[in-house]
Amino acid sequence: MSSHPIAVAGLDEIESPAYLYDLAEIRLSHAELRAALPQPSELYYSLKANPHPAVVAELRAAGCLAEVSSPGELRTALEAGFAPAQVLYTGPGKRDRDVQDAVRSGIALFSVDSPHALDQLDAAAREQCTEVRSLLRINDSSPAQGHGLTMTGVASQFGADAEWVLAQPDRFGPRDAVAPAGFHLYMGSNIAGEDALVAQFTQAAASARRLTDAVGIELSVLDLGGGFGAPFARAGARPSFPGLARRVSELLDETFPAWREGRPTIAFESGRYLTATCGTLLTRVLDVKRSHGRPVVVLDSGINHLGGMSGLRRLPPIVPDLLQVGEVMNGAVAETVSGAIVAGPLCTPTDSWARSATVAAMTPGQLVCVPNVGAYGLSASLVAFLGHPLPTEVAIDRGRIIDVSRLQLRRQRVTDATRS
Ligand SMILES: Cc1ncc(COP(=O)(O)O)c(C=O)c1O
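Residues numbered from 1 in each chain as written. Predicted model: local features only at pLDDT ≥ 70, side-chain atom pairs only at ≥ 80, totals over all residues. Heavy atoms only, no water.

Draft legend 1. A look at the packing of aromatic side chains. By the definition in use, this model includes eight aromatic pairs. Summarising the aromatic geometry, the rings of W164 and F172 are spaced 5.1 Å apart at their centres and angled 85° between planes, so their arrangement reads as edge-to-face. Owing to a relative accessible area of 6%, F172 belongs among the buried residues under this scheme. A connected cluster of aromatic rings, assembled from ring pairs, spans F201, F228, F241, F268 and Y273. (Phe/Tyr/Trp six-rings, centres within 6.5 Å; stacked < 30°, edge-to-face > 60°. Buried < 20%, exposed > 50% of the residue type's maximum accessible area, 1.4 Å probe, protein only.)

Structure below.
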């Protein structure tokens, strides 16, 4: 079994399952991504990847802005110290009430996905006697290549089709209280290669240029999205993009020659790259046995805590690495078993991370860990399933535990319809 050195004083006291988030690793990820982006540019942290307060506060301190897409994410961002002017509110469908609350909180920049969304935002802003700015999210004409998950160039709820905007620009124009400020072209997630990122940004910038000219908007913000890849639940390092800043700067020089003077301001978004490698899921082996000739390992964490969407077959199985907790063994090769079912504790056959994995021989009570689950770990899991307690979340800095907490799921009554 390969091992994952987690040198943290007091780790023995932490009850498993537990997500550990290493804040020093977040600072490194942020520094690497910043260095890979053209300057000047803004970088939004997408809270959907990991809304843990310590993670969000760390990225605010590092200089990120906040991209939120729910009332909960907005609250978390504001509580972490983001000023309303540093927040971009996105999402393909927003409840009237949530838009009203966001405007009331002082949020002044929204990504909108349709003429209706513009009208909805306008109504909320007029009600508050204020004015806000919008970025029109664009669903481009063709998909960009190399995405783990494509969100553009296909029929989807994300954005307005570029053809629609070109055919009916008036429907996407200013409203009484909404000034269109630019375009938002987040195209997909988990792009590992620099060439694919450059191809995506080239396509996005060309589309933004075409739309700007056709619609006649004064472009003040161009949000080029991101989709910067990182390993998920597998050992390995973040990819690096050594030529990205130069290559994207050059393509912007061609498409938007005044971008270096902030006309338009160039923005990027990232969740996964900034947080993936900071996270480790600690889980304990509950049982080990054989069934119909196959090894079976039962862990105290399953699809309720990690990879739930894979459990639902929404995404391919994640097949996580299970690493030994502790120092790297002196080159010793542990015994392995193959064809193993790696299951969680839930009463459903879908609760398995892997159906035929090669894993180290394990024993009940042993602590193992899954690396690189700082993004789309707990926040993308089926936490309420079967009422198991949620994993502990531990913020670590420089080998010291600085915060240990656990989300509580409590039923909250939303109407006063109880009968006496
Ligand atoms: C609009 C938008 N921005 C940012 C992100 C974050 O993407 P990632 O975590 O891949 O950086 C997403 C992810 O779905 C998104 O939809």
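Draft legend 2. The site of the ligand, seen in detail. Inspection of the region around the ligand gives 13 residues, with Y186, S189, E269, G271 and Y376 positioned closest. Within the backbone of R272, an N or O atom sits 2.8 Å from an oxygen atom of the ligand. Separating an oxygen atom of the ligand from a side-chain N or O atom of Y376 is a distance of 2.5 Å. Computed on the free molecule, the ligand has an accessible area of 400 Å², of which 93% lies beneath the protein chains in the complex. Among the residues making up the shell around the ligand, the classes are represented as three nonpolar, five polar and five charged. (Near = heavy atom within 4 Å. Polar contact = N/O pair within 3.5 Å; in protein donor to acceptor, adjacent residues only side chain to side chain. Areas by Shrake-Rupley, 256 points an atom, 1.4 Å probe, with all protein chains shown as cover. Nonpolar A, V, L, I, M, F, W, Y, C, P; charged D, E, K, R; others polar.)

Draft legend 3. Inspection of the environment of V368 at higher detail. Secondary-structure assignment places V368 in strand β19 (residues 367–370). Counting along the chain gives 176 residues from V368 to A192, while the straight-line C-alpha distance between them is 27 Å. (Helix = DSSP H or I, 4+ residues; strand = E, 2+ residues; numbered from the N terminus.)

Draft legend 4. Focus on the packing of helix α7 (residues 194–215) against helix α8 (residues 244–255). Viewed as axis vectors pointing N to C, α7 and α8 meet at an angle of 20°, and their least axial separation amounts to 10 Å. Considering the angle they form, α7 stands roughly parallel to α8. For the element pair α7 and α8, the recorded crossing hand is right-handed. Packed against α7, whose contacting residues are E194, D195, L197, V198, F201, T202, A205, A206 and R209, the element α8 presents L244, R247, V248, L251 and T255 at the interface. Residue composition of the contact of α7 with α8, grouped by class: eight nonpolar, two polar and four charged. (Axes fitted to C-alpha atoms, helices over the stretch in contact; angles between N-to-C directions. Parallel < 35°, antiparallel > 145°, perpendicular 65-115°, else oblique. Left-handed = near helix turned anticlockwise from the far one by under 90°. Contact = heavy atoms within 4.5 Å.)

Draft legend 5. Representation of the nonpolar core in the model. One finds F183, F228 and W353 to be the most contacted residues of the largest nonpolar core, which totals 99 residues. Sorting elements by how many residues they give to this core places α7 first, with eight residues. Look past the residues within four positions of F228 in its chain and what remains in contact with it is L33, L37, I191, L197, F201, F241, L244, F268, E269, S270, R272 and Y273. If you look at the next biggest cluster of nonpolar residues, it comprises 10 residues, including L11, L20, L282 and I396. (Core = buried A, V, L, I, M, F, W, Y, C linked by side-chain atoms within 4.5 Å.)

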